[in-house]
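Descriptive analysis of the structure
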Amino acid sequence: MKLSLSPIMLAISVALAAPANFKRANTLEITNLYANTASVGDSAYIDFFLKDAQYPRDTPTECNVIWQYGEQPPLNARCQNGAYYIKFPEGPVNFDHFTLALQRVNGTIPEKGQAVLDSNANGNAPASKWSCRKNAREGVNLACSYDGTLRINV
Ligand SMILES: *[C@@H]1O[C@H](CO)[C@@H](O)[C@H](O)[C@H]1NC(C)=O
């Protein structure tokens, strides 16, 4: 009887070890994503909330970055909980078309992913949920927002 059990014991120990060795599919949920540029000082602002099912204890968290529009955004920007880098891999951002990248700073499950946001300014992204309006308000040159939840695979 002991011999017939050992393959089962082996199967169980492999099954328990597997989750640590394989990357599990996960998605970051980004909501309330908006960005704008001001006419005064040409400052740029982007803000959103991030929810991560893999790290339910320290998300949702709010994320925002402020910089001079047309210049390189800060390279070390993080969400407010300190646990996610906010990156713009293409360098200086054009809000009509840019890549937003997110990367987990720490934790046992590494996460990294990105999404392209295109306002269809050039007609290249007709179904896009990211839209921008010029001169939407006094003092705001460009106001952009995402309709719904943006999911980024990590
Ligand atoms: C990750 O780092 C942040 C900021 O330093 C900290 O608040 C959080 O507890 C850390 N999480 C893990 C899983 O180490």
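Here goes a summary of the coordinates provided. (Residues numbered from 1 in each chain as written. Predicted model: local features only at pLDDT ≥ 70, side-chain atom pairs only at ≥ 80, totals over all residues. Heavy atoms only, no water.)

Here the focus is the site of the ligand. Around the ligand sit Asn81, Gly82, Arg104, Asn106 and Gly107, and that is every residue in its neighbourhood. Out of a free accessible area of 360 Å², the ligand has 45% covered by protein chains. (Near = heavy atom within 4 Å. Areas by Shrake-Rupley, 256 points an atom, 1.4 Å probe, with all protein chains shown as cover.)

Let us look at the pattern of salt bridges. Overall, the coordinates contain two salt bridges when judged by the stated rule. For the salt bridge of arginine 151 with glutamate 29, the shortest nitrogen-to-oxygen distance reads 4.0 Å. Placement of the pair is arginine 151 in strand 9 (residues 150–153) and glutamate 29 in strand 1 (residues 27–38), with a sequence separation of 122 residues. By relative accessible area, which is 51% here, arginine 151 ends up exposed. Overall, glutamate 29 belongs to the partly exposed group, its relative accessible area being 30%. (Salt bridge = Lys/Arg side-chain N within 4 Å of Asp/Glu carboxyl O. Helix = DSSP H or I, 4+ residues; strand = E, 2+ residues; numbered from the N terminus. Buried < 20%, exposed > 50% of the residue type's maximum accessible area, 1.4 Å probe, protein only.)

Summarising the element assignment, glutamate 111 is placed in the loop between strand 5 (97–104) and strand 6 (112–118). Notably, glutamate 111 is buried but unbridged: the nearest opposite-charge side chain belongs to arginine 104, and the N-O separation is 5.2 Å. For glutamate 111, the side chain forms a polar contact with the side chain of asparagine 26, separated by 2.8 Å. Among all residues touching glutamate 111, those that are not within four sequence positions of it are Asn26, Leu28, Asp52, Gln54, Tyr55, Tyr84, Leu102, Gln103, Arg104 and Val154. (Lys, Arg positive; Asp, Glu negative; His and termini not counted. Polar contact = N/O pair within 3.5 Å; in protein donor to acceptor, adjacent residues only side chain to side chain. Contact = heavy atoms within 4.5 Å.)

Applying the stated rule across the entire model yields two disulfides. Residue pairing for cysteine 63: its cysteine sulfur links by disulfide to cysteine 79, the two sulfurs lying 2.1 Å apart. With the S-S dihedral at roughly 95°, the linkage between cysteine 63 and cysteine 79 falls on the right-handed side. Of this pair, cysteine 63 sits in strand 3 (residues 61–68) while cysteine 79 is found in the loop between strand 3 and strand 4 (84–87), placing the two residues 16 residues apart along the sequence. (Disulfide = S-S within 2.5 Å.)

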